[in-house]
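An overview of the molecular structure
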Amino acid sequence: MHDDRELVEARLKRVLDERIRPAVYPESVPLEVAVWHAPGEPVPVAEGLSAVPEPIAVGDQWGAPWGTSWFTVSGTVPAAWAGRNVEAILDLGFDENMPGFQCEGLVYRPDGTPVKGLNPRNQWIRVGAPVEGGEEVRLHIEAASNPVILDYHPFLPTTLGDKETAGTAPQYRLARMDLAVFDETVWQLVIDLEVLGELMRELPVDGARRWEIMRAVERALDAVDLQDVNGTAAAARERLAGVLSTPAQPSAHRISAVGHAHIDSAWLWPLRETVRKVARTTSNMTALLEDEPAFVFAMSQAQQWAWVKEHRPEVWARVTKAVATGRFVPTGGMWVESDTNMPGSEAMARQFVHGKRFFLDEFGIENDEVWLPDTFGFAAGLPQIIKAAGSKRLLTQKISWSQTNRFPHHTFLWEGIDGTRIFTHFPPVDTYNCSMKGSEIAHAARNFKDKGIARHSLAPTGWGDGGGGTTREMVAKAARMRDLEGSATVTWETPAEFFAKAEAEYPNPPVWVGELYLELHRATLTSQAKTKQGNRRSESLLREAELWAATAAVRTGHPYPHERLDRIWKTVLLHQFHDILPGSSIAWVHREAEKTYAAVADELGGIIDAAQHALAGDPSAGATLVFNAAPHTRHGVPAGGASAAHTEDAVVLRPRDEGGYELENGLLRVEIDGHGLVRSVYDLTAGREAVAPGQAANLLQIHPDFPNMWDAWDVDEFYRNTVTDLVAADEVAPGEEPGSVRVVRSFGRSKVTQVLSLPPGAGRLDIRTEVDWHETEKFLKLAFPLDVHAERYASESQYGHAYRATHTNTSWEAAKFEACNHRFVHLEEPGWGVALVNDSTYGHDVTRTVRATDAGTTTTLRASLLRAPRFPDPETDQGVHRFRHALVPGATIGDAVREGYFINLPERAVPGDAEVAPLVTIDNEAVVVTAVKLADDESGDVIVRFHEAHGGRARATLTAGFPISGVAATDLLERPIAERRHEGDAVSLSLRPFELVTLRLSRRP
């Protein structure tokens, strides 16, 4: 037989595009359209419905960037259409290739009842199925004219990303506003042909099934009268029935489809628009659930559920009704789908506390699954946080985006730094926006790496990023692939149902130990520095606010601000969303974030101040108390307590004969040359030099930074090929503070001012850096070439630290050329180490070379300070920034932990004469307290959370500074797991490496 595949395939495409799809709506009449443009931000539904609109015609332009227009459409169903299915087709000017990334709408009835959302792939509203004829139709559309930021030519700088710079030019042209007859038979034929055509192209050319489908498609096309598609569609479908009813092979891959609409809580749109995106999507999904009894939809991010409840109660009523059926499923158990690299220990824990508690309080539902399909890599401390929150499974697919190495598993156990293992699944469909295309389903089956042992995978199905969700077309396609020869089988199931099957068939999956590093989007650790600083500062202030408020409540009866702390935590958690904290959102998002963080700091500062003054005693006594919120004693002030601080000996500052200055404080001697570069940091105790021979530390370096894609997200390895050392100094002089040196440099259009100092009695070199940054597409680093021979180094993560190689033996190690740390990075050779601690930076790199002069190893640690990408925010990071770092020679890992806390939790001096004893003390510095607070249930119990921070076994005694009647170990939600013995007010502890523990201390009356 002649090979006519290409002929039939080309015929199918043209007939579908030009004849069959247009016949889905064979008759239509125009609707009358009027519009009212809201003058500013979105208005309440009642106001939009009551506004007086003006006529507008199809073809007219509408919609200033980020505007809201309320359209009213009205018309009468022709009497001749009686007995037929009728829909309103409402096309606001959509580009069907951009669902979620352009204009959208939510349709209401005149009484304010929401109907469903409108987007480029969902333009229809059912009027009647069937109609009687003569019905009056009147609908209102709340239309958002969100501009297209990520266009066909992506990553072009645009001012459309902020309402303040976007202008007022109309963004869209009204395309179609009609009543139309909906021919379901033709629509079903379209789905038949799409499913078979897509499957056919994925099957082997030499396999009989491909040819069988092709001949059936050919016969169906022969049956279609191109001048009477509607009259011949049923006959065409009959010719396809046989190939559609042939069951799948018993060995076929099995896909659990989960209806989904990944909605970024902010990205190329502001937070306020996400509120409406969620309302539109949930309206669509509740409507689809009513129409499709087999369909299941899952939605994560408790914040988004809370937005619907708060802002769209009419939509919330439909959502709660759908949840009760078990087919609209809360999933994930986190407040938002957060970044997991940068949030601190407590913040990561609170993502689960607030997320899981919302679903428990609202629906009595607790999720076992963590749902993070789009997060940019996963920190090694996450598994035990998941377990401590009462969850046990993780889903993501983002690691499939890695550019260098292909991850070897799709279903596996992920082991964290403490040994906790979490059952994890990466959907082999390689997208969280599956649309049920045959190519996607075939890719999932071919790509699945656990064949032979397992056969189940999950496919999150629906338009996402900007929302939209699953369509009726996707549901119809899935129905045909439920049991279809040549295809994987597709069944709608909840995440829990999928995981139960996956675990049952794969009782001993492989294990992956350590972080799930994404070999992409590495620059998200640096972009939008002020957002990152706001996050770190907020985390530190929340720790202080809870600690001092709890202490004041127990010691003095001072009111504990439960509601305020709950609200502030949720605000901070929201801004840890994986496109806000990583710095990959539009300018509007980061401008608002800066204001929000300032307000958070003000409110938390007030809570801290009130609690400390309640504790401090008489402010007129002439005494000063120093409050220490860090988990280690500092200057004689106990951790979590307040007392008079001890004074330290002064620091010596003297000029160097060859230019520059020398600093010495009895622990360190620092040589700063005439260019302001640090030539020596000598550990006087160990008799050891930290800076590599012939090198300079505190070296600012600047690179060109123009990645191949994803400007705010990516830094490509070739950036290192070109580097400029910023060695010229405008000024090197004694600083205003005793024992400090001030260095000023100018470069490009920017200026850097640094203050280098040795604190009295501390073995660290403090570096304060102020950058007035006005560069474009540049990357600024702060380098420390160290005389340390280390094959690995530690960087702080949640509840511990993770190790990475300093070498590049393998492609896996080479790909980690930019990585994340929290408060410290630590390098060590046996007997001696160096730490670099910081107050707000996350990105860093570590490289090693062997010196020709003495064959010694130079290990260079560089902190990433600033970038200047132009998409999606063309003014990223422009302006003044302030950073604090400290180099700690001779540091053990314990020193790194301690100094990291000290730089992030500065002491506070308060007038008063009443020393404050800590609420709890722990007698082993390896056991670090991360939270002291009152219980969320307002019982008055004290919650203490701590972990082993050095990576070894630890024994310790926790002593309460108040009478206790009972102690219970709890999960993160403060629910008792087991009673703990206590002797008086003391509890004996034995912790494994990095173990996380939460204790609930009941206060004795």
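For the structure, check the block above.
Read on for a plain summary of the structure. (Residues numbered from 1 in each chain as written. Predicted model: local features only at pLDDT ≥ 70, side-chain atom pairs only at ≥ 80, totals over all residues. Heavy atoms only, no water.)

Secondary structure summary: the protein chain contains 19 helices and 53 strands in total. Its C-alpha atoms give the protein chain a radius of gyration of 31 Å, within 12% of the compact-globule value 30 Å for 1005 residues. Counting only C-alpha atoms and orienting by the principal axes, one finds that the protein chain spans roughly 95 × 70 × 60 Å. Each of the 1005 residues in the protein chain was classed as buried or not, and the buried ones make up 63%. Taking as baseline every contact in the protein chain between residues at least 6 positions apart, the subset at least 24 positions apart corresponds to 75%. By element, 50% of the accessible surface of the protein chain is carried by carbon and sulfur atoms, the whole surface being about 35900 Å². Positive and negative side-chain charges in the protein chain, numbering 102 and 138 respectively, have mean positions lying 3 Å apart. (Helix = DSSP H or I, 4+ residues; strand = E, 2+ residues; numbered from the N terminus. Rg over C-alpha atoms; globule rule 2.2 N^0.38 Å. Buried < 20%, exposed > 50% of the residue type's maximum accessible area, 1.4 Å probe, protein only. Contact = heavy atoms within 4.5 Å. Areas by Shrake-Rupley, 256 points an atom, 1.4 Å probe, with all protein chains shown as cover. Lys, Arg positive; Asp, Glu negative; His and termini not counted. Charge placed at Lys NZ, Arg CZ, Asp CG, Glu CD.)

Turning to the pattern of salt bridges, a few remarks are in order. For the structure on display, the rule yields 83 salt bridges. Measuring nitrogen to oxygen at the nearest pair gives 2.8 Å for the salt bridge that ties Glu 41 to Arg 272. Of this pair, Glu 41 sits in the loop between β2 (32–37) and α2 (45–50) while Arg 272 is found in helix α7 (residues 271–291), placing the two residues 231 residues apart along the sequence. Put simply, Glu 41, Glu 104, Glu 142, Lys 163, Arg 272, Glu 273, Arg 276, Lys 277, Arg 280, Arg 312 and Glu 314 are held in one network by salt bridges that share partners. (Salt bridge = Lys/Arg side-chain N within 4 Å of Asp/Glu carboxyl O.)

Before going further, it helps to spend a moment on the packing of helix α8 (residues 302–311) against helix α9 (residues 313–324). At a closest axis distance of 6 Å, the pairing of α8 and α9 adopts a crossing angle of 130 degrees. It follows that α8 is oblique to α9 by the angle criterion. For the pair α8 and α9, the sense of crossing is left-handed. Of the residues in α9, those touching α8 at Trp 305, Val 308, Lys 309, Glu 310 and His 311 are Pro 313, Val 315, Trp 316, Val 319 and Val 323. Tallied by class, the residues present in the contact of α8 with α9 amount to seven nonpolar, one polar and two charged. (Axes fitted to C-alpha atoms, helices over the stretch in contact; angles between N-to-C directions. Parallel < 35°, antiparallel > 145°, perpendicular 65-115°, else oblique. Left-handed = near helix turned anticlockwise from the far one by under 90°. Nonpolar A, V, L, I, M, F, W, Y, C, P; charged D, E, K, R; others polar.)

Moving on: the sheet that holds strand β25 (residues 652–655). Consider a sheet: its strands pair through backbone hydrogen bonds, and that pairing is either parallel or antiparallel. The five strands lie next to each other as β25-β26-β27-β28-β29, forming an open sheet whose pairing is antiparallel. In the strand order of this sheet, the two ends are held by β25 and β29 (688–689), each with one partner. Taken together, the five bridges between strand β27 (residues 668–672) and strand β28 (residues 678–683) define a ladder with antiparallel strand orientation. Residue pairing in the sheet places Glu 671 in a bridge with Ser 680 of β28. (Pairing = 2+ DSSP bridges.)

Helix length check: helix α10 (residues 345–363) (19 residues) gives 28 Å between terminal C-alpha atoms against 27 Å at 1.5 Å per residue, within 8%. Most of α10 is tucked away, with 15 of its 19 residues classed as buried. In the segment just after α10, Gly 364 is the residue with positive phi, at about 65 degrees. (Expected span 1.5 Å × (residues − 1).)

Spatially, five strands are ordered β16-β17-β19-β18-β22 in an open sheet, and the strand pairing comes out mixed. The outermost strands of the open sheet, each flanked by one partner alone, are β16 (369–371) and β22 (511–513). Adjacent strand axes in the sheet meet at a mean angle of 30 degrees when their direction is disregarded. Pairing of strand β17 (residues 393–395) with strand β19 (residues 421–425) involves three bridges; the strand directions are parallel. Of the residues in β19, the one forming a bridge with Leu 394 is Thr 424.

Pairs of packed helices are described in terms of their axes, by the angle between the two and the distance that separates them. Put simply, helix α15 (residues 529–556) and helix α16 (residues 562–574) touch, their axes get as near as 11 Å, and they point 160 degrees apart. On the basis of their axis angle, the class for α15 and α16 is roughly antiparallel. In the crossing of α15 with α16, the sense of the turn from one axis to the other is left-handed. Every residue of α16 that contacts α15 at Asn 535, Ser 538, Leu 542, Ala 545 and Glu 546 is listed here: Leu 565, Ile 568, Trp 569 and Val 572. A breakdown of the residues in the contact of α15 with α16 according to their chemical character gives six nonpolar, two polar and one charged.

Before going further, it helps to spend a moment on the packing of aromatic side chains. Remark: the centre distance and the inter-plane angle together describe each pair of aromatic rings, the angle taken between the planes. All chains considered together, the criterion is met by 37 aromatic pairs. Where Phe 295 meets Phe 297, the ring centres are 6.5 Å apart and the plane angle is 40 degrees; that geometry is what we call tilted. The pair formed by Phe 295 and Phe 297 is uniform in burial state, with each residue classed as buried. Geometrically, the ring pair formed by Phe 407 and Phe 412 is tilted, given 5.0 Å between the ring centres and 45 degrees between the ring planes. The buried category is assigned to Phe 407, whose relative accessible area is 8%. Overall, the relative accessible area of 0% leaves Phe 412 in the buried class. Ring-pair connections join several aromatic residues into one group, and the members of that group are Phe 295, Phe 297, Trp 305, Trp 316, Phe 328, Trp 335, Phe 358, Phe 359, Phe 363 and Trp 492. (Phe/Tyr/Trp six-rings, centres within 6.5 Å; stacked < 30°, edge-to-face > 60°.)

Here we come to the side chain of Asp 264. Relative to the helices and strands, Asp 264 is located in the loop between β13 (254–259) and α7. Lys 398 provides the closest opposite charge to the buried, unpaired Asp 264, separated from it by 7.9 Å. Within the local environment of Asp 264, its side chain forms a polar contact with the side chain of His 578, the two groups lying 3.0 Å apart. Not counting residues up to four positions away in its chain, the partners in contact with Asp 264 are Trp 269, Thr 274, Gln 304, Asp 374, Asp 465, Phe 577, His 578 and Asp 579. (Polar contact = N/O pair within 3.5 Å; in protein donor to acceptor, adjacent residues only side chain to side chain.)

What follows deals with the environment of Val 743. Along the chain, the position of Val 743 falls in strand β33 (residues 740–747). Val 743 sits 730 residues away from Lys 13 along the chain, and the two C-alpha atoms are 68 Å apart.

Turning next to the environment of Asp 228. Position of Asp 228 relative to the elements: it lies in the loop between α4 (208–223) and α5 (229–238). Overall, the relative accessible area of 36% leaves Asp 228 in the partly exposed class. Distance in space between the C-alpha atoms of Asp 228 and Phe 71 is 35 Å, their sequence separation being 157 residues. Within the structure, the side chain of Asp 228 is placed 3.0 Å from the backbone nitrogen of Gly 231, a separation counted as a polar contact.

With that out of the way, let us pick up the pairing of strand β44 (residues 879–889). β44 sits mainly inside the fold: eight of its 11 residues count as buried. Examined bridge by bridge, strand β35 (residues 765–773) and β44 share nine bridges and lie antiparallel to one another. The residue of β44 that forms the bridge with Ile 767 is His 885. Bridge analysis of strand β41 (residues 832–838) against β44 gives five bridges, and the strand direction is antiparallel. Pairing of Asn 838 across the sheet is with His 885, part of β44.

This part covers α5. Residues of α5 that are buried include every one of Val 229, Thr 232, Ala 233 and Ala 236, and no others. Down the axis of α5, the sector holding all buried residues measures 135 degrees, keeping them to one side. Set apart from the buried face of α5 by more than 90 degrees, the exposed residues are Gly 231 and Glu 238. Buried residues along α5 sit against α1 (5–20), α3 (184–202) and α4. (Arc of directions from axis to C-beta.)

Below, the discussion takes up unusual backbone geometry. Here the bond from Ala 129 into Pro 130 is cis, since omega is 0 degrees, no more than 30 degrees from zero. Residue placement: Pro 130 occurs in the loop between β9 (124–128) and β10 (136–145). Unlike most non-glycine residues, Gln 528 shows phi in positive territory, near 60 degrees. Relative accessible area serves as the criterion here: at 7%, Gln 528 is assigned to the buried category.

Bridging between strand β34 (residues 750–757) and β35 involves seven bridges; their strand directions are antiparallel. Looking at β35, one finds that Val 752 is bridged to Val 771.

Quick look at the environment of Leu 989 now. Counting through the fold element by element, Leu 989 comes out in strand β52 (residues 986–991). Considering only alpha carbons, one finds Leu 989 and Asp 162, 827 residues apart in sequence, at a separation of 53 Å. If sequence neighbours within four positions are ignored, Leu 989 has contacts with Phe 946, Ala 954, Arg 955, Ala 956, Leu 958, Arg 980 and Leu 999.

Our next topic: the side chain of Glu 194. Along the chain, the position of Glu 194 falls in helix α3. Discounting residues that sit within four places of it in the chain, Glu 194 has contacts with Leu 16, Arg 21 and Lys 477.

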